[in-house]
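Structural features, examined
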2 protein chains.
Amino acid sequence: MGERTKFVLDENEIPEQWYNIQADLPEPLAASLNPVTKKPLTPQDLAPLFPMELIKQEVSTERWIDIPDEVREIYKLWRPTTLFRAQRLEKALDTPAKIFYKYEGSSPPGSHKPNTAVAQAYYNKKEGIKRITTETGAGQWGSALAFAGACFGLEVKVYMVAVSYKQKPYRRIMMETWGARCVPSPSKDTRVGRDVLAKDPECPGSLGLAISEAVEDAVSREDTHYSLGSVLNHVLLHQTVIGLETKKLMEKADVYPDIIVGCVGGGSNFAGLFLPFVKDKIDGTKPDLRIISVESAAAPKMTKGPFVYDYGDTAKLTPIIKMYTLGHDFIPAPIHAGGLRYHGMSPIVSHLYNLGYIEAKATNQVATFEAGVTFARAEGIISAPETNHCIRVAIDEALKCRESGESKTILIGHSGHGLVDMAAYEKYLSGQLEDYEYPEEKIKESLGKLPEI
Amino acid sequence: MGERTKFVLDENEIPEQWYNIQADLPEPLAASLNPVTKKPLTPQDLAPLFPMELIKQEVSTERWIDIPDEVREIYKLWRPTTLFRAQRLEKALDTPAKIFYKYEGSSPPGSHKPNTAVAQAYYNKKEGIKRITTETGAGQWGSALAFAGACFGLEVKVYMVAVSYKQKPYRRIMMETWGARCVPSPSKDTRVGRDVLAKDPECPGSLGLAISEAVEDAVSREDTHYSLGSVLNHVLLHQTVIGLETKKLMEKADVYPDIIVGCVGGGSNFAGLFLPFVKDKIDGTKPDLRIISVESAAAPKMTKGPFVYDYGDTAKLTPIIKMYTLGHDFIPAPIHAGGLRYHGMSPIVSHLYNLGYIEAKATNQVATFEAGVTFARAEGIISAPETNHCIRVAIDEALKCRESGESKTILIGHSGHGLVDMAAYEKYLSGQLEDYEYPEEKIKESLGKLPEI
């Protein structure tokens, strides 16, 4: 048998602490602002929505934060996850590059999302909360929170964007199988939902609207909190288990990445991978490390948006945060990578990009599926449409190595499998998949509505 | 952290040999017969269909058969698989029983099927074959062979039962993503398919018919062989990696099962688990070990059929084998556990059942989904409809332990996840799922058509 293609850790090597990049940032993050007063956000502002432990994590500058035993116990269901060397892909590309991927698709819902869903469910349960609300687009996040709710006996209510609710029943049924309630948004269950339905009974919904419904529901009940699947600092914190495991595994493999690539929607899966590595770039140990975030050309906040203060949702209910954004009323094209359609970017990823520690690329969806099919035929794993974005860029970098003869080490953040997204593959395979580029003039228009600070 | 809930092996502990039960059977298997001459089958009879190495394995009485390095290399993508202790399920059931499950859902197609698909593709490739044909019902097997074909650069053509082809597009798209061609059966690509379509252009197809098409295709081309996903001795042989790993892992966990349960269609996944254990019962080391096969009440060959010679397919093209059968023109009810609809049972499982080494139970589908939902909410994993059958029986045995106070060790053969079967869960959750029991009178009628030997 040839070189090792698989690197694993023992279950007692699941990290015992999350890594908090806020301890090592060269400059602190800009403060987030209250959406009404526009003054710096206080813990009290967030208390109706989140348990106090998560509010503390959001602003903590402690470098290491303990992972509760109860959370590690659930993590064991699929963690530590495997680091693969993609040797068959390397051969298929005839490249001297070494390609690795850390695979998060082995979790029960099939993605990295449970890394934070389980932690959030745990802290809510611990603080006496009985019920959590959230929104979901294509359903990856909603299904992860439904799974986490089942682990801790919490009621979960998911507001799913109506058009996805109808088009993508599988993720909804997954949520229901885990015992969650999932309704199409706009729904009759909230004031904001009823108002919209009164004007337009056929309204297809949007993520912004679904957030508004979930938040309204949460603040209207004492026993209920709200949960968010990306963007916030505590979400990225929980995802660092990915990078901490990867770092340990790459040490075992006796390699260090030259290039790290990951797809970005709100930024949490990719940040979870690169944050423990970017530390080495910040402290000067690895000045040449390249960290490339890959977004959809249909939602090009990093490559085409400005770094400004904006709302996290359409209805202006969430805090105002400093980020790369396309404007809070941005309406994405119907790309299959539902997880990459968000208008903004997490403050931490935005900040590090602004400081020059990471790069950003945008790719179009046809090219990403081409890469995904190449990957599936070589490595066996059918990847989520989101993941195909960074596989595309990894393949491009590996092909550059074929030209140059360099043997670079490329690390892919593989966020999940695509078995619930086969309809998108069918469109690609039958030549019906379209590309979408968000027009520059629309960005300008949308950015005219930024909050005045 | 509490007791261990997860037991894993290192990649160098993937078995180096398959275990061949034919070396340890108390009585040899009955000979299979040529379907035309009705004389004992010769290697020459099988040569148009299978590579010589597999034909040798089919009749070998060597106890250990080496697993080629190239096959182990692919196995590494998901093997060794994890043995879980289902502690949260035990708590949910309030049982003193210890429940373990060996999880095969982590393979790229999501089931145990690639254990043999990869081996079969390898031997065909090695003997110069360029193309493999097969049939598939719901698509688990077809997708596994498509994956294996991609691993070795073989063309794969899958004849998929037409009604499933239309109703279950996801598995077909998986096959196409891995580069296989998948057509609805009956198809225009074979004589037998064209004949059927001429009489009935809307024919929904059947597994028997799809086998006939795949066999006709294979024998008509020099560069093509045929591949079967269950029933045959060499298929069960390849699946013993499951049981060999489990045995090693249970030793590490310092337990030995009192009860092993697995679902059975053709019998390969369950045999793969129990064959390395049944050895201990045959040699008298573990006389009290209970091994329970769980079939669907809609296809009750073990619990209601006789142990007789019958054809493997409707069209009488396959060898005549001695097995528990409902008759080769048995037409199953449309249960969601597509993998359990076969009319017969592998000769090895049939033989061991006839000799009294294993037990058989049949369960109805509503009760199996109830068990599957309990399992999903406790353990996180949404199981395939087939797997839910043995989870039902495991839960029943665990509940008996609650009554009796016994702390039995129950081992479940978990054959795969159900993420591509969510439509079935929706039917269960919405109360629309029906039970089907195959009527006794139909069995009698169908058994009237057994071959005369």
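Check the entry above for the structure.
Residues numbered from 1 in each chain as written. Chains lettered and ligands numbered in written order. Predicted model: local features only at pLDDT ≥ 70, side-chain atom pairs only at ≥ 80, totals over all residues. Heavy atoms only, no water.

1. Describing the overall build of chain A
Scanning chain A from terminus to terminus reveals 18 helices and 15 strands. Here the C-alpha atoms of chain A give a radius of gyration of 21 Å, agreeing with the 22 Å that 2.2 N^0.38 yields for 453 residues. Dimensions along the principal axes, computed over C-alpha positions, put chain A at roughly 60 × 50 × 45 Å. Burial status across chain A gives 65% buried among its 453 residues. In the structure as shown, chain A presents an accessible area of about 15800 Å², 50% of it carried by carbon and sulfur atoms. Treating the 52 positive side-chain charges of chain A as one cloud and the 59 negative ones as another, the clouds have centres 2 Å apart. (Helix = DSSP H or I, 4+ residues; strand = E, 2+ residues; numbered from the N terminus. Rg over C-alpha atoms; globule rule 2.2 N^0.38 Å. Buried < 20%, exposed > 50% of the residue type's maximum accessible area, 1.4 Å probe, protein only. Areas by Shrake-Rupley, 256 points an atom, 1.4 Å probe, with all protein chains shown as cover. Lys, Arg positive; Asp, Glu negative; His and termini not counted. Charge placed at Lys NZ, Arg CZ, Asp CG, Glu CD.)

2. Focus: helix α5 (residues 114-126) of chain A
Residues and elements named next belong to chain A. Look at α5: 18 Å from first C-alpha to last across 13 residues, which is about the 18 Å you get at 1.5 Å a residue. Across the 13 residues of α5, 11 count as buried, placing the element largely inside the fold. G128, located one to two residues past α5, shows a positive phi value of around 85°. (Expected span 1.5 Å × (residues − 1).)

3. Considerations on the relation of the copies chain A and chain B
Superposing chain A onto chain B takes a rotation of 180° plus a shift of 0.0 Å along the axis, which leaves an RMSD of 0.0 Å. The transformation just described matches what one would write down for a two-fold rotation axis. Most of the interface of chain A is mirrored in chain B, where 100% of its interface residues again form contacts. (Least-squares fit on C-alpha atoms with pLDDT ≥ 70 in both. Contact = heavy atoms within 4.5 Å.)

4. As for the pattern of salt bridges
Side chains carrying opposite charge are able to pair once their charged atoms draw close together. All names here are of chain B. All told, the structure shown has 56 salt bridges over all chains when counted by the stated rule. Salt-bridge contacts for E104 lead to K102; the nearest nitrogen and oxygen are separated by 3.8 Å. As a salt-bridge pair, K247 and D280 come within 2.9 Å of each other at their nearest N and O atoms. Separated by 33 residues along the polypeptide, K247 in helix α11 (residues 233-252) and D280 in helix α12 (residues 268-282) bring together distant segments of the chain. Accessibility classification places K247 together with D280 in one group, the buried group. (Salt bridge = Lys/Arg side-chain N within 4 Å of Asp/Glu carboxyl O.)

5. A closer look at the interface of chain A and chain B
With 48 residues of chain A at the contact, the number on the chain B side is 48 residues. Summed over both partners, the interface of chain A with chain B buries about 4400 Å², with 58% contributed by carbon and sulfur atoms. In this structure, the connection of chain A to chain B is made through 2 salt bridges. Between E426 of chain A and R172 of chain B there is a salt bridge whose closest N-O contact spans 2.9 Å. On the surface where chain A and chain B come into contact, there are 14 residue pairs in polar contact (both at pLDDT 80 or more). Residue classes in the side of chain A that touches chain B are distributed as 25 nonpolar, 6 polar and 17 charged. (Buried area = accessible area lost by both parts, 1.4 Å probe. Polar contact = N/O pair within 3.5 Å; in protein donor to acceptor, adjacent residues only side chain to side chain. Nonpolar A, V, L, I, M, F, W, Y, C, P; charged D, E, K, R; others polar.)

6. Overview of the sheet that holds strand β1 (residues 6-7) of chain A
Residues and elements named next belong to chain A. In space, the 7 strands of this open sheet follow the order β1-β4-β5-β15-β10-β11-β14, with mixed pairing throughout. Lying at the two open borders of the sheet, with one neighbouring strand each, are β1 and β14 (359-363). Pairing analysis gives 3 bridges linking strand β10 (residues 259-263) to strand β15 (residues 409-414), with the strands arranged parallel. What sits directly across from V261, in β15, is I412. Helix α11 (residues 233-252) rests against β1, β4 (83-85), β5 (98-103) and β15 of the sheet, and its axis sits at about 140° to β5. (Pairing = 2+ DSSP bridges. Axes fitted to C-alpha atoms, helices over the stretch in contact; angles between N-to-C directions.)

7. Describing the packing of aromatic side chains
In this structure the tally under the stated criterion is 37 aromatic pairs over all chains. Arranged with centres 5.4 Å apart and planes meeting at 50°, the rings of Y19 of chain A and W64 of chain A form a pair that is tilted. Of the two residues, Y19 of chain A is situated in strand β2 (residues 17-19) and W64 of chain A in strand β3 (residues 64-66); the sequence distance between them amounts to 45 residues. The buried category is assigned to Y19 of chain A, whose relative accessible area is 1%. Geometrically, the ring pair formed by Y122 of chain B and Y123 of chain B is edge-to-face, given 5.3 Å between the ring centres and 65° between the ring planes. Both residues of the pair, Y122 of chain B and Y123 of chain B, count as buried. (Phe/Tyr/Trp six-rings, centres within 6.5 Å; stacked < 30°, edge-to-face > 60°.)

8. Comments concerning the environment of R172 of chain B
Topologically, R172 of chain B is positioned in helix α8 (residues 169-177). Sequence separation between R172 of chain B and M160 of chain B is 12 residues; the distance between their C-alpha atoms is 8.2 Å. Discounting residues that sit within four places of it in the chain, R172 of chain B has contacts with E426 of chain A together with M160, Y165 and C182 of chain B.

9. Some thoughts on the packing of α5 of chain A against helix α6 (residues 140-152) of chain A
Residues and elements named next belong to chain A. In the contact formed by α5 and α6, the axes pass within 8 Å of each other and the chain directions differ by 45°. In terms of orientation, α5 lies oblique with respect to α6. For the pair α5 and α6, the crossing hand works out as right-handed. Of the residues in α6, those in contact with P114, T116, A117, V118, Q120, A121, Y122 and K125 of α5 are W141, A144, L145, F147, A148, G149 and F152. (Parallel < 35°, antiparallel > 145°, perpendicular 65-115°, else oblique. Left-handed = near helix turned anticlockwise from the far one by under 90°.)

10. Regarding unusual backbone geometry
Geometrically, the link from R79 of chain B to P80 of chain B is a cis peptide bond, its omega value of -5° lying close to zero. Checked against the element boundaries, P80 of chain B lands in the loop between α3 (69-75) and β4 (83-85). At the junction of S185 of chain B and P186 of chain B, the peptide bond is cis and its omega measures out at 10° in the coordinates. Looking at the element boundaries, P186 of chain B is found in the loop between β8 (181-185) and α9 (191-199). We note that D94 of chain A has phi near 55°; this positive angle belongs to a residue other than glycine. Relative to the helices and strands, D94 of chain A is located in the loop between α4 (87-93) and β5. In this structure D94 of chain A comes out as exposed when scored by relative accessible area, which is 54%. Phi angles above zero are rare outside glycine, and K316 of chain B is one such case at about 60°. Residue position: K316 of chain B is located in the loop between β12 (307-311) and β13 (320-324).

11. What about the sheet that holds β4 of chain B?
Residues and elements named next belong to chain B. Sheet architecture is open: 7 strands sit in the order β1-β4-β5-β15-β10-β11-β14, paired in mixed fashion. Of all strands in the sheet, those bounded by a partner on one side alone are β1 (6-7) and β14 (359-363). Note that strand β10 (residues 259-263) and strand β11 (residues 290-296) share 5 bridges and pair parallel. Within β11, the position partnered with C263 by the bridge is V294. Contacts from α11 reach β1, β4, β5 (98-103) and β15 (409-414) within the one sheet, and its direction differs from that of β5 by about 140°.

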